[in-house]
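Residue-level structure breakdown
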Amino acid sequence: MTTATGQLSATTLLRFATAGSVDDGKSTLVGRLLHDSKSVLTDQLEAVEHASRSRGKDAPDLALLTDGLRAEREQGITIDVAYRYFATARRRFILADTPGHVQYTRNMVTGASTAELAVVLVDARNGVVEQTRRHAAVAALLRVPHVVLAVNKMDLVEYAEPVFARIAAEFTAYAESLGVPEVTAIPISALAGDNVVEASAHMDWYGGPTVLEHLETVPVSHDLADCPARLPVQYVIRPQSAEHPDYRGYAGQIASGVLRVGDAVTVLPSGRTSVIEGIDALGESVQAAWAPRSVTVRLADDIDVSRGDLIAPSADAPATTRDVEATVCHVADRPLVVGQRVLLKHTTRTVKAIVKDIPSRLTLADLSQHPAPGQLVANDIGRVVVRTAEPLALDAYADSRRTGSFLLIDPADGTTLTAGMAGSAFAERAAGAAESAAGAADEGWDF
């Protein structure tokens, strides 16, 4: 037991998400992956077998391993993002099984936002459809570095190589036009288990890895520590006790990079500078700390620092701005319109803002830009220009997924409206921005 634990602790971690259209077999693939990699507990398997028999099925429906909500099981679809944790001797995994129905595409944004790999499923009988393109666009927008195209249900097309080759070529060309850096195509049958964990005996024309083999061997670049240091302040600690009468610390989770005692830092957006006098982690003082560790930083000078401020190296601090240009995926049922008042949440900071312009909306079929749409509706991907009431210290999303992302929130009820990625993305080919059609004259919102 000790040896096994030691072995697992030394393996790397891969976060990945699955996506695809309704009935493409995502949940079945995940269930097959868990089952065949011996990652399902006996009582879980017995529960699935019992549920399958009650539905009149002879064999266990492995999709039930991830479709946990009653509504999901009754409808046979995935609604919520189902997270599963499993491990092999070579790697640990955090898997996000995201919905396939167009109504729940917004949930893929949640599941894929931290993923390093996305598995996009395609039904071999249907090929690449609009929802496939949408999922590829979301993966590209979120800068997921590795994409796997799993052409599923090959058993229903008699394991025909030309069918697989045609779908793989079409998807790869589309993904490359979005800027996806790497696409690996694998023909599978999740129901029969072909090329999921074990190599298929029906597709001798395919010489590549199985899904699990690829997941175990794909390069994982945990490069957070290589990026410039960023510490969003979550809490100011001032105990003012007899033991610590003058203690003042700024607590938060390091979003990227490494902080060291003695580093010259700048507090943004104020621009005040100081030097790191001490770093406390888990009740002990340390000389250095790196992402994603949670720490408390003590500065040499008593300067005004509060929740929402960003501590960054003075030599590599991000510029502050009140005009945010970004590519966004709209996730709310209500539309996002020009002139709308919103709250913008960036790391631990939330500020008032106004949507000044929506220059373009992406047409998924041909990747063309529809200029000046005036609004974005649920699942739309487009460009927006937002004006904030206070300066923000944003990085480009291409440089940092943590400090380059933000949310637009409805100030009336707290509903999340839009997920945004600052800076340029594949949508930067948009047509020129149109003039904003609406202004905002309400007190407190006219910036």
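Just so it is clear, the model here is predicted, and its values are computed rather than measured.

1. Re helix H6 (residues 130-141)
An ideal rise of 1.5 Å per residue puts 16 Å on 12 residues; H6 measures up with 16 Å between its terminal C-alpha atoms. In terms of burial, H6 is largely enclosed, as 11 of its 12 residues are buried. By the burial criterion, the buried members of H6 are Gln131, Thr132, Arg133, Arg134, His135, Ala136, Ala137, Val138, Ala139, Ala140 and Leu141. Immediately downstream of H6, the backbone of Arg143 shows phi near 60°, a positive value.

2. As for helix H2 (residues 26-36)
Of all 11 residues in H2, 10 are buried, a share of seventy percent or more. Buried within H2 we find Lys26, Ser27, Thr28, Leu29, Val30, Gly31, Arg32, Leu33, Leu34 and Asp36. Contacts from the buried residues of H2 go to strand S1 (12-20), strand S2 (82-87), strand S3 (91-97), strand S4 (117-123) and helix H8 (211-217). Once H2 ends, the next one or two residues include Lys38, with phi positive near 60°.

3. What to know about the packing of aromatic side chains
Within this structure, the stated rule accounts for five aromatic pairs. When the ring of Phe16 is compared with that of Phe86, the centres are 6.5 Å apart and the planes differ by 85°; the resulting orientation is edge-to-face. Linking Phe16 in strand S1 with Phe86 in strand S2, this pair joins segments that are 70 residues apart in sequence. A relative accessible area of 2% places Phe16 in the buried class. Exposure remark for Phe86: the relative accessible area of 6% places this residue in the buried category. When the centroid spacing of 6.4 Å and the interplanar angle of 80° are considered together, the rings of Phe164 and Tyr206 count as edge-to-face. Placement of the pair is Phe164 in helix H7 (residues 161-177) and Tyr206 in the loop between strand S6 (183-187) and H8, with a sequence separation of 42 residues. Summarising the burial analysis for this pair, Phe164 and Tyr206 share the class buried.

4. With respect to the confidence of the model for the chain
Taken as a whole, the chain shows an average pLDDT of 84; of its residues, 81% reach a score of 70 or greater. Taken element by element, the chain is modelled with least confidence in helix H1 (residues 2-9), mean pLDDT 37, and with most confidence in strand S19 (residues 341-346), mean pLDDT 98. Low confidence marks residues 427-443, where pLDDT is under 50. Its contacts with residues over four positions away, or in another chain, come to 26 contacts.

5. Comments concerning the pairing of S3
Judged by how many residues are buried, S3 sits mostly within the fold: six of seven residues are covered. The pairing of S1 with S3 spans seven bridges and is classified as parallel. The partner of Leu13 across the bridge, within S3, is Arg92. Note: S2 against S3, six bridges, orientation antiparallel. Bridge assignment links Ala87 to a residue of S3, and that residue is Arg92. Hairpin geometry of S2 and S3 is characterised by an intervening segment of three residues between the two adjacent antiparallel strands.

6. Examining the nonpolar core
Judged by nonpolar contacts, the single largest core of 69 residues is most densely connected at Phe16 and Leu33. If one sorts the elements of this core by residue count, H7 sits on top with seven residues. When sequence neighbours within four positions are dropped, the list of residues in contact with Phe16 reads Leu33, Phe86, Phe93, Ile94, Leu95, Ala96, Ala115, Leu117, Val119 and Leu215. Within the second largest apolar cluster, 21 residues are counted, among which are Ala332, Val351, Leu376 and Ala422.

7. Quick word on the pattern of salt bridges
This model, assessed by the stated rule, comprises 12 salt bridges. With its nearest N and O atoms 3.4 Å apart, the salt bridge here joins Asp309 to Arg349. Here Arg349 lies in strand S20 (residues 349-363) and Asp309 lies in the loop between strand S15 (294-299) and strand S16 (310-313), a separation of 40 residues in the sequence. Arg349 sits in the buried class, given a relative accessible area of 13%.

Each value, and the rule that gives it
- Residues numbered from 1 in each chain as written.
- Predicted model: local features only at pLDDT ≥ 70, side-chain atom pairs only at ≥ 80, totals over all residues.
- Heavy atoms only, no water.
- Helix = DSSP H or I, 4+ residues; strand = E, 2+ residues; numbered from the N terminus.
- Expected span 1.5 Å × (residues − 1).
- Buried < 20%, exposed > 50% of the residue type's maximum accessible area, 1.4 Å probe, protein only.
- Contact = heavy atoms within 4.5 Å.
- Phe/Tyr/Trp six-rings, centres within 6.5 Å; stacked < 30°, edge-to-face > 60°.
- pLDDT = per-residue confidence, 0-100.
- Pairing = 2+ DSSP bridges.
- Core = buried A, V, L, I, M, F, W, Y, C linked by side-chain atoms within 4.5 Å.
- Salt bridge = Lys/Arg side-chain N within 4 Å of Asp/Glu carboxyl O.

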